[in-house]
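# Coordinate inspection notes
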Amino acid sequence: MTNGPYLYDDGPAPLHTGEPRQRNGLILVILAATVAAALLAVGAMWLVHGSSADQAEETASVFSKALAADDTETAYALLCDDERARLTPAELPDEYGHAGTPEVTGSRQSGEDSRRLVDVRWDGAGGGDTTRLLVVPEGGGKVCGPGN
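Read on for a plain summary of the structure.

On to the overall build of the protein chain. Summing up its helical and strand segments, the protein chain has five helices and four strands in all. Secondary structure of the protein chain in N-to-C order comes out as α-α-α-α-α-β-β-β-β. In the protein chain, which comprises 148 residues, the proportion classed as buried is 26%. Here the contacts in the protein chain between residues at least 6 apart in sequence split such that 39% fall between residues at least 24 apart. For the protein chain, the exposed area adds up to about 10500 Å²; of that, 56% sits on carbon and sulfur atoms.

In structure tokens:
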């Protein structure tokens, strides 16, 4: 080692010489922006997918129109797991089918959970039958039996 002259004889200066700065404002802004983004995402999802009543009525409409068109594959895909275990696609028209054209006339909540009872009116040659379908949120709306 040499003891020659150094360019900086007094050694390096300390890097942090002042009081540390508080960044609480920045943290609060980031937190508020995260909460606002989450609320906007929930609002956008509600606008895109609609309310639970809209989703249940749409499921019942597609289900009953598929039955009216003898499209048991589509109707069977809209059944909940319990109904799929109970029925085969060939049994669907006997269990749920009616003569005529289906039209969803309304829905209401079933109990305290998110299940909905959807009323479907079938305009047929012999007058109009009205059925009620129980729609549950099971990976999207699924028909889970006739409602009472």
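Oppositely charged side chains are able to pair whenever their charged atoms sit close together. The final tally for this structure, using the stated rule, is four salt bridges. One salt bridge connects Arg-132 with Asp-119, and the closest N-O pair in it is separated by 2.7 Å. With a gap of 13 residues between them, Arg-132 in strand E3 (residues 127-137) and Asp-119 in strand E2 (residues 116-124) connect regions that are remote in the sequence. The shortest N-O distance in the salt bridge between Asp-123 and Arg-121 comes to 2.3 Å.

We now examine the side chain of Thr-131. Residue placement: Thr-131 occurs in strand E3. Side chain to side chain, Thr-131 and Trp-122 meet in a polar contact 3.3 Å long. Leaving out residues up to four positions away in the same chain, Thr-131 has contacts with His-98, Val-118, Asp-119, Val-120 and Trp-122.

A few words now on the state of the cysteines. Enumeration according to the criterion identifies one disulfide in this entry. Here Cys-80 engages in a disulfide with Cys-144; their sulfurs sit 2.2 Å apart. On the sign convention where negative means left-handed, the S-S torsion of about 65 degrees between Cys-80 and Cys-144 marks this disulfide as right-handed. Placement of the pair is Cys-80 in the loop between helix H3 (72-77) and helix H4 (81-86) and Cys-144 in strand E4 (residues 141-146), with a sequence separation of 64 residues. Residue classification places Cys-144 among the buried positions, given a relative accessible area of 19%.

Reading guide: rules and limits
- Residues numbered from 1 in each chain as written.
- Predicted model: local features only at pLDDT ≥ 70, side-chain atom pairs only at ≥ 80, totals over all residues.
- Heavy atoms only, no water.
- Helix = DSSP H or I, 4+ residues; strand = E, 2+ residues; numbered from the N terminus.
- Buried < 20%, exposed > 50% of the residue type's maximum accessible area, 1.4 Å probe, protein only.
- Contact = heavy atoms within 4.5 Å.
- Areas by Shrake-Rupley, 256 points an atom, 1.4 Å probe, with all protein chains shown as cover.
- Salt bridge = Lys/Arg side-chain N within 4 Å of Asp/Glu carboxyl O.
- Polar contact = N/O pair within 3.5 Å; in protein donor to acceptor, adjacent residues only side chain to side chain.
- Disulfide = S-S within 2.5 Å.

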